[in-house]
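# Structural overview
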Amino acid sequence: MVLNYIWIAFFLIAFVFGVIQLCMGDATIFQKIVDSTFDTSKTAFETSLGLTGVLALWLGIMKIGEKAGVVNVLARILSPVFTKLFPDIPKNHPAMGSIFMNIASNMLGLDNAATPTGLKAMAQMQELNPRKDTATNPMIMFLVLNTSGLTIIPTTILAFRASYGAATPTDVFIPILLATTVATLAGIIITALWQRINLLQPALLTMMFGLVVFVGVVIWGFGQMDKDTMATVTSLAGNLILLSIIVLFILAGFIRKINVYDAFIEGAKEGFTTAVRIIPYLVAILVAVGVFRASGAMDMLVDGIAWCVKQCGLNTDFVGALPTAFMKPLSGSGARGLMLEAMTNYGPDSFVGRLSCIFQGSTDTTFYILAVYFGSVSVKYTRHAVACGLLADLVGVVAAVGIAYIFF
């Protein structure tokens, strides 16, 4: 229901701002808005098409791991913590293993593995859902963990900074890590309070403390490396982990004497049907975002914030990076484009250029994730998922601004 109102609002706001732009003398504004609907609908289809192969591959691998018992082993290991964070999922349920695989993939920046394992987790949670059109508490907690976007190794952002000539491409690594950790912890706390989950349980306190310690160790470890070593280590680690997962699952299936090939084909078929199923949801959200941006509403919003901040006598240096922050919950590719635009216009080593990179890495694409994940299981009523996801994003944005001022 919330997505319904937001979707309508995007089009109404775009129309109103289009009229304003027309009155100001821009006779081509409605042509731009209409063109954006065609461009973004094409992008949505191409995105889904691009996901088809990846989904088929990883859901095939996950099916092997499921039949070989590897996913169940992961579920049993994580049961003490995840049963507290996801109390409505039965102990040792396979969904626990899929949730872990997704979260681990996101933390390591393994996007190719994160989406398929996330969709698998949603499908398994949907099996436990008594009301198939309504999001359950575990689904919402899982999606908020995804939208808060905890990423330990922001490989893509560092690569873009290097390509744009940054003196030290890795100088945003620690700020991104701090901001995304704050956003993730905020997402857990906000959703847990909404769902009345007791955060003072020893298992949950240990998990959150362990997360902070782990991030601290990673910060310290990468702080000892130069930029070339860091790039080599992140690339090697990501590729090695992906290949190790594939080999481990296949070997486990061979040892358990299952037909590995047939299991893979069975899972790959699920990947193809899932990719087709999410096309309408992707078209809906990306077209709405496209017309909102093409109407000039985003630019006017940023200008308005800059004026308000200036009237309050506050520093306005961060305002130039806000378009990236506003776009990130709506579109990952759109936010990436605005990040690159900021580095081009202000310079990769400018405050705005660096802050745009921190914004890009501190949260994830909330509405895209909601559309794809809920769309894959035909959930229409998202309950408090949007509110919790956007609040976590807001905390991440505020943290990113504060951290940027501290570091740069």
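Quick note: structure is the one above.
Scope of this entry: the structure provided in the associated data block. These figures come from a predicted structure and were not determined experimentally. (Residues numbered from 1 in each chain as written. Predicted model: local features only at pLDDT ≥ 70, side-chain atom pairs only at ≥ 80, totals over all residues. Heavy atoms only, no water.)

## Things to note about unusual backbone geometry
The backbone phi angle of K257 is positive, close to 60°, even though this residue is not glycine. Among the secondary structure elements, K257 is positioned in the loop between helix 10 (227-255) and helix 11 (260-277). Phi at S378 takes a positive value of approximately 60°, unusual for a residue other than glycine. Its place among the elements puts S378 in the loop between helix 17 (366-376) and helix 18 (385-407). (Helix = DSSP H or I, 4+ residues; strand = E, 2+ residues; numbered from the N terminus.)

## Some details on a nonpolar patch on the surface
Taken together, the side chains of F15, V16, V19, I20 and M24 define a hydrophobic patch exposed on the protein surface, amounting to about 470 Å² of accessible area. Its location among the elements puts V16 in helix 1 (residues 2-23). (Patch = residues over 30% accessible without salt bridge, like charges linked within 9 Å, V, L, I, M, F, W, Y side chains within 5 Å. Areas by Shrake-Rupley, 256 points an atom, 1.4 Å probe, with all protein chains shown as cover. Salt bridge = Lys/Arg side-chain N within 4 Å of Asp/Glu carboxyl O.)

## Structural notes on the packing of aromatic side chains
Applying the stated rule across the entire model yields five aromatic pairs. Taken together, a centroid distance of 6.4 Å and an interplanar angle of 75° make the contact between F10 and F367 edge-to-face. A residue pair is termed long-range when its members are at least 10 positions apart, and F10 in helix 1 and F367 in helix 17 qualify at 357 residues. F367 matches F10 in its accessibility class, with the two residues each being buried. Here the aromatic rings of F15 and F30 are separated by 5.9 Å at their centres, their planes lie at 45°, and the arrangement is tilted. Residue F15 is located in helix 1, and its partner F30 is located in helix 2 (residues 29-68); the two are separated by 15 residues in the primary sequence. The structure contains a cluster of three or more aromatic residues connected by ring pairs, namely F10, F292 and F367. (Phe/Tyr/Trp six-rings, centres within 6.5 Å; stacked < 30°, edge-to-face > 60°. Buried < 20%, exposed > 50% of the residue type's maximum accessible area, 1.4 Å probe, protein only.)

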